[in-house]
Amino acid sequence: MTYETQTHIFQLDAQNPDPDIIKAAADVLRVGRLVAFPTETVYGLGANALDAAAVQRVYAAKNRPAYNPLIVHIAAPEQLAQVAINVPPLAHTLATHFWPGPLTMVLPRHPQIPPQISAGRATVAVRLPAHPVAQALILAAGLPVVAPSANLFMRPSATSAQHVLDDLCGHVDVILDGGTTPVGVESTVLDMTNAAPKVLRPGGVTLEMLREVIPDVTLHDSHAVPEVDAPASPGMLLKHYSPNAEMLLLEGDYDAVTARMQQCIAERLAAGQRVGVLVTDEEMALFKALQANLQARPTTLALQSLGSRDDLGQAAQNLFSALRVLDERGMDVIIARQFAPEGLGRALADRLLRAAEGRVLQVTV
Ligand code: TXA
Ligand code: MG
């Protein structure tokens, strides 16, 4: 089943959204229909969290399997009481530190929240986004708003209104275009239902930031995730986003990885494949020479930069859009260097690992 409709797009100033447009979009939410909106992480596909039929439309529009639970978004900490029960004091402490912002907490679900939001679990994932458009929309609607990332199932998350349109045109009623999203990777999902909080999905709030408030926070091991129908957090499926291209992810000593990447690129090109490479600005030169040898077939090697090597924030902003660009250009293989699991690099490494369906080539010196 899919949800079909006519899609309307409205341009908004991300910092000062027009209240009339926000009000109109809030009305669309209130009658049970779907509004895609920017958050500081990625675009969300929003619906009234208290309306089971509207929640059903979200799953249908995304083609998302029913076992994959959704995040509920609120506009003020006081709204948490409408969404979750038995909220532990630590969750309030974390909210003080990280809300508004890219932290999602998994808490016991309030009975008024329809069970299908959480795929039938007794829990609910909640976050208070920092983006002015998201906040204004949720406030104007006067409702908790359920919003998964606004992409089709198995596609990279949407970081621009164009990405939303590419995936969901005809399946979302309104798209609020507030430009590109500043963080670029999704929120950190933190399970608060056990004594020691556990990160289920690394994201915009880093493990280092969490440790300053909760030193005993643990991290769910990506490699330990079984490929079954109901993992701890289904965004943790190892085959979460799969580019159409084969994804070749390399890890190890910097120079050894560079050399192996150059070798792989040359081999794949020789085999007649179209090769996409995720690089940094500084690395462009390392691969340009290979491109210069391709006068006859210049489009068979696409170097896509994630920005400066020293700027993980920029890499996070650019990652999903870079993957989309390489997919659109019809690459047979995408070759990338794995990120070191520190700071935002942990979220980046996690998304690349999933794109590579859990496979990493370890390069030894
Ligand atoms: O940054 C974000 O979190 C974006 C923006 C739109 O807020 N949303 C987002 O939603 O990434 P989605 O649906 O693509 O990812 C939700 C993640 C999934 O990994 C899901 O398994 C997990 O949150 N999740 C949701 N509810 C859960 C629950 N009750 N227990 C465990 N994990 C849950
Ligand atoms: Mg998603």
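Since we're looking at a predicted model, the values are computed, not measured.

Time to look at helix 1 (residues 19-30). For helix 1, with twelve residues, the first-to-last C-alpha span of 16 Å sits near the 16 Å given by 1.5 Å per residue. Among the residues of helix 1, those classed as buried are I21, I22, A25, A26, V28 and L29. Projected down its long axis, helix 1 shows its buried positions confined to an angular sector of 155 degrees, all on one face. Away from the buried face of helix 1 by more than 90 degrees, exposed residues P19 and D20 are located. As for helix 1, its buried residues are in contact with strand 1 (8-11), strand 2 (35-38), strand 3 (43-48), helix 5 (132-141), strand 7 (145-146) and strand 8 (174-177).

Moving on: the sheet that holds strand 12 (residues 246-252). Within the open sheet, the five strands sit side by side as 14-13-15-12-16. Their pairing is parallel. In this open sheet, the two edge strands, each paired with only one partner strand, are strand 14 (301-305) and strand 16 (361-363). For this sheet the average axis-to-axis angle between neighbouring strands, irrespective of direction, equals 25 degrees. Here strand 12 runs beside strand 15 (residues 333-337); their pairing, made up of five bridges, is parallel. Across the sheet, L248 pairs through a bridge with I335, a residue of strand 15. In the packing of helix 9 (residues 284-292) onto the sheet, contacts are made with strand 13 (275-279) and strand 14, and the angle to strand 14 comes to roughly 165 degrees. Packed onto the sheet, helix 10 (residues 312-328) meets strand 12, strand 13, strand 14 and strand 15 and runs at close to 165 degrees relative to strand 13.

With that settled, consider the confidence of the model for the protein chain. Mean pLDDT over the protein chain: 93, with 94% of residues reaching 70 or higher. Per-residue pLDDT, averaged within each element of the protein chain, yields its smallest value for helix 9 (82) and its largest for strand 2 (99). Confidence drops under pLDDT 50 across residues 224-231; counting only partners more than four residues distant or on other chains, this segment forms eleven contacts.

What follows deals with a negative patch on the surface. Where like charges cluster on the molecular surface, the negative patch consists of D281, E282, D310 and D311. Checked against the element boundaries, D311 lands in the loop between strand 14 and helix 10.

Conventions we followed
- Residues numbered from 1 in each chain as written.
- Chains lettered and ligands numbered in written order.
- Predicted model: local features only at pLDDT ≥ 70, side-chain atom pairs only at ≥ 80, totals over all residues.
- Heavy atoms only, no water.
- Helix = DSSP H or I, 4+ residues; strand = E, 2+ residues; numbered from the N terminus.
- Expected span 1.5 Å × (residues − 1).
- Buried < 20%, exposed > 50% of the residue type's maximum accessible area, 1.4 Å probe, protein only.
- Arc of directions from axis to C-beta.
- Contact = heavy atoms within 4.5 Å.
- Pairing = 2+ DSSP bridges.
- Axes fitted to C-alpha atoms, helices over the stretch in contact; angles between N-to-C directions.
- pLDDT = per-residue confidence, 0-100.
- Patch = residues over 30% accessible without salt bridge, like charges linked within 9 Å, V, L, I, M, F, W, Y side chains within 5 Å.
- Areas by Shrake-Rupley, 256 points an atom, 1.4 Å probe, with all protein chains shown as cover.
- Salt bridge = Lys/Arg side-chain N within 4 Å of Asp/Glu carboxyl O.
- Lys, Arg positive; Asp, Glu negative; His and termini not counted.
- Charge placed at Lys NZ, Arg CZ, Asp CG, Glu CD.

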